[in-house]
Amino acid sequence: MQYSLTVSLATLRAARTHSAVKDVRYYLCGVYLDTKAGKVVATDGHRMLIATARGVKVDAPPVIIPNDLLDAALKQFGGEYARGKALGAVDVAVTVDGVQLTITTPTGQVSGKALEGVFPEWRRVVPKADEVATFAPAVLNWEYVMDACEALTIAANIGKAKAGQHATRVQQRGEFPAIVCSANPNVMALVMPLRNDLHAEAPQVACRMAHHDALPYSAETAERVELEAAAAVSAAA
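Scope of this entry: the structure provided in the associated data block.

Conventions used here
Residues numbered from 1 in each chain as written. Predicted model: local features only at pLDDT ≥ 70, side-chain atom pairs only at ≥ 80, totals over all residues. Heavy atoms only, no water. Helix = DSSP H or I, 4+ residues; strand = E, 2+ residues; numbered from the N terminus. Buried < 20%, exposed > 50% of the residue type's maximum accessible area, 1.4 Å probe, protein only. Contact = heavy atoms within 4.5 Å. Polar contact = N/O pair within 3.5 Å; in protein donor to acceptor, adjacent residues only side chain to side chain. Pairing = 2+ DSSP bridges. Salt bridge = Lys/Arg side-chain N within 4 Å of Asp/Glu carboxyl O.

1. As for the environment of Gln171
Logical step 1: Its location among the elements puts Gln171 in strand 9 (residues 169-173).
Logical step 2: We classify Gln171 as buried; its relative accessible area is 8%.
Logical step 3: In the structure, Gln171 is positioned 38 residues away from Ala133 in sequence and 8.5 Å away in space, judged by C-alpha atoms.
Logical step 4: Discounting residues that sit within four places of it in the chain, Gln171 has contacts with Val132, Ala133, Thr134, Phe135, Ala178 and Ile179.
Logical step 5: A polar contact of 3.0 Å, which involves the side chain of Gln171, links it to the backbone oxygen of Val132.
Logical step 6: Polar contacts involving the side chain of Gln171 include one to the side chain of Arg169, which spans 3.1 Å.

Structure follows, in structure tokens:
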């Protein structure tokens, strides 16, 4: 079956930041175009980016663009097509012919095979709107949170120089995926929480210690401070 669809260049760039790299789950090593829902999705199992793309909603089977093919195409979008430039969010044409993919670029076309396999049911991970209000402290991988914030600015075609001015919200949800979003409702990211022994009262203990004046350093006082900190954590528990 042959068909064509269009995706924003900025959306493709943003999604690529969340696709898996050299994962045994090979079907995650690419960007998923959900033609039924009109969504662009990428995940490595630890974080996920979901973007609405009307040009992707077509009456045809979904497709996974492999990383290497997408990277080859993105390299050809320089100059005025670069991130933050005037044409940085231009629509990109993708033609699907069976397992063959062709991405049209400013300098021509890049072709390759689509990834085979079944992409995960991504909607199972996305919380319902009425579940978002529930807030619970979470331990998150700060690099993943930064990547999510960066992806939102890329999707908005904001250059690196102004990326820090792009307001984002991180909604922590305890043991459930944290939500990273901005004023643009068409793009969001999810970050899975870490499982470790960092105590939930760690922020309170840190603030308590910040309000204590430092003692003159000695091996004895250092040991005392460690014992007091440990006692504070135990008391908080």
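2. Examining the pairing of strand 10 (residues 176-181)
Consecutive side chains along a regular strand alternate between the two faces of the sheet.
Logical step 1: Relative to strand 10, strand 9 runs antiparallel, the two sharing four bridges. Directly across from Val170, in strand 10, lies its bridge partner Val180.
Logical step 2: Two successive antiparallel strands, strand 9 and strand 10, enclose a turn made up of two residues, where Gly174 displays a positive phi of approximately 60 degrees.
Logical step 3: In this sheet, strand 11 (residues 187-191) lies alongside strand 10 in antiparallel orientation, the contact comprising four bridges. Following the sheet pairing, Cys181 is matched in strand 11 by Met188.
Logical step 4: Taken together, strand 10 and the strand that follows it, strand 11, pair antiparallel across an intervening segment of five residues.

3. Describing the pattern of salt bridges
Logical step 1: All chains considered together, the criterion is met by five salt bridges.
Logical step 2: Of the charged contacts in the structure, one is a salt bridge between Asp71 and Arg16, with a shortest N-O distance of 2.8 Å. Remark: Arg16 occurs in helix 1 (residues 9-16) and Asp71 occurs in helix 2 (residues 67-74); sequence separation between them is 55 residues.
Logical step 3: The exposure class assigned to Asp71 is partly exposed, which follows from its relative accessible area of 26%.
Logical step 4: Judged by its relative accessible area of 18%, Arg16 falls in the buried class.
Logical step 5: Salt bridges sharing common partners tie together Asp44, Arg47 and Asp147.

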